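# Per-entry structural report
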Amino acid sequence: MTEKEETMAASDTHDSTPSAKNGRTSLLDSGEDFEVLDEEDINDDPPPLEDAGGGKRGNTDDSDKRSADTDPDPPGQIDEWLDVLGNDQLKKKVLEAGEGRNTRPQKGQNVKIHLKTYLKDGTRVEEQSDLAFTLGDGDVIQALDLTVQLMEMGEKALVQTDAKYAYGTRGSLEPEVPPNAELSLEVELLESTDAPDLELLPPAEKIALASHKRERGNVHYQRGDYAFAVNSYSIALQITESSSKVDISPEEENELMDVKVKCLNNMAASQLKLDHYDAALKSCVSALAHQPENIKALFRMGKVLALQGEYTEAIQTLRKALKLEPSNKTIHAELSKLVKKHSEQRGAEQAMYKKMLGNPTISSSAQKHRAKSSWGLSWKWLFGATAVAIGGVALSVVIAARN
């Protein structure tokens, strides 16, 4: 896959769970696949996600372009907004009624919408005629995920959202949205269909679907929405692990397994960001169960073990990774740092033990001195007792002779 350079915006996490009828559950509370770095300067940040890009593009002055895209009659304020979340930060207004409440889409269904996006001042950002996504899977900004499920088939609605439910504090390069931008969205619900049966899905389509969910997880990770990233990776994993009633070739099985391992590695990175160390370790172990010599999984596992204080196991894991790729500077730097830290910890522990037990050198000398003194005293006592005994015998002989 060609890497795309993109910097996505950060957005706050919301609860988003796939439909139970599709056999998928949200793992927002649970457990990165990365490209190994060759740069000289190594820091503590996790390696970048595989296939996620991460390059930054400089901001350019294109006020003329924005002026051209400005809608002559931007959507304005309308009375009687529906406060979707009760915090006045996400509101919806029906412009044209739909076909009835019973036509509203459900989470887990695939929907298609016509979308126009505007900035608060009326500047048009983009227009998408047939935007398709799975409702509730985090495939789009939260404002759409939360409001489309309240729309009826054929309904046209106006949505106004705070940056929190759009592109957050960083904004977006594609579409081009400035940081902390409030948006107005014109939405028309065109279609709603049930998600495909994974068991009947052709292998090629299953691979493409799992890869799409994984890539969406990478987008969430880039934004800093680590819980959303875990959710997308878990959905991708469930797709790769689903049973199949259609024939699948060995090559397709290997490709599906490769997607699975990438998801596990990426999930471990997200769980690590969430301080879910046990879950991250479990993800690493699962990845290594499928590919025991996966350098990325070994590196991530070493990081997790070190954070858990298991320095001996962490060092062994990183040494195994370095043995597989001796020229890798990132692994070498991490291993060196960990060995030094482990050595310092052992030195501190030894100093603490000496303080608790006293000076072992002085104690040993004192014990030897006391033992030597005791031995000398024992010999003196023995010689004295012998002399007394000999004197007693001599005295007895003299007395007997006189008698």
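Residues numbered from 1 in each chain as written. Predicted model: local features only at pLDDT ≥ 70, side-chain atom pairs only at ≥ 80, totals over all residues. Heavy atoms only, no water.

Below, the discussion takes up the overall build of the protein. Tallying secondary structure elements over the protein gives 10 helices and six strands in all. Residues classed as buried in the protein amount to 41% of the 403 residues present. Total accessible area on the protein is roughly 22,300 Å²; 51% of this is exposed by carbon and sulfur atoms. (Helix = DSSP H or I, 4+ residues; strand = E, 2+ residues; numbered from the N terminus. Buried < 20%, exposed > 50% of the residue type's maximum accessible area, 1.4 Å probe, protein only. Areas by Shrake-Rupley, 256 points an atom, 1.4 Å probe, with all protein chains shown as cover.)

Attention shifts here to the packing of helix α4 (residues 226–241) against helix α5 (residues 250–273). As a packed pair, α4 and α5 sit with axes 9 Å apart at the nearest point and diverge in direction by 155 degrees. In this view, α4 runs roughly antiparallel relative to α5, as classed from their interaxial angle. Viewed along their axes, α4 and α5 form a crossing whose handedness is left-handed. Mapping the contact onto sequence places Y226, A229, V230, Y233, S234, A236, L237, T240 and E241 in α4 and L256, V259, K260, C263, L264, N266, M267, S270, Q271 and K273 in α5. Its residues assigned to classes, the contact of α4 with α5 comprises 11 nonpolar, five polar and three charged. (Axes fitted to C-alpha atoms, helices over the stretch in contact; angles between N-to-C directions. Parallel < 35°, antiparallel > 145°, perpendicular 65-115°, else oblique. Left-handed = near helix turned anticlockwise from the far one by under 90°. Contact = heavy atoms within 4.5 Å. Nonpolar A, V, L, I, M, F, W, Y, C, P; charged D, E, K, R; others polar.)

Moving on to the confidence of the model for the protein. In this model, the protein carries a mean pLDDT of 78, and residues with pLDDT of at least 70 account for 66%. pLDDT under 50 marks residues 1–44. Its contacts with residues more than four places away, or in other chains, come to 146 contacts. In this model residues 53–68 is a low-confidence stretch, pLDDT under 50, and it forms 15 contacts with partners more than four residues away in sequence or in other chains. (pLDDT = per-residue confidence, 0-100.)

Given a rise of 1.5 Å per residue, 21 residues ought to cover 30 Å, and the 31 Å separating the end C-alpha atoms of helix α3 (residues 203–223) matches this to within 8%. Directly after α3, the chain includes G224, whose backbone phi takes a positive value near 95 degrees. (Expected span 1.5 Å × (residues − 1).)

What follows deals with the pairing of strand β4 (residues 124–134). For strand β3 (residues 110–119) and β4, the ladder comprises eight bridges, and the chain directions are antiparallel. Note that in β4 the partner of K116 across the bridge is E127. Between β3 and β4, which follow one another and run antiparallel, lie four residues, and G122 among them has a positive phi close to 95 degrees. (Pairing = 2+ DSSP bridges.)

The next thing to look at is the sheet that holds strand β1 (residues 82–83). Taken in spatial order, the six strands line up as β1-β2-β5-β6-β3-β4 in an open sheet, and their pairing is antiparallel. Of all strands in the sheet, those bounded by a partner on one side alone are β1 and β4.

Time to look at the environment of L150. Summarising the element assignment, L150 is placed in the loop between α2 (142–147) and β5 (156–161). For L150 and K92, which are 58 residues apart along the polypeptide, the C-alpha to C-alpha distance reads 9.1 Å. The residues touching L150, leaving out its near neighbours within four places in the chain, are L82, V84, K92, R104 and E155.

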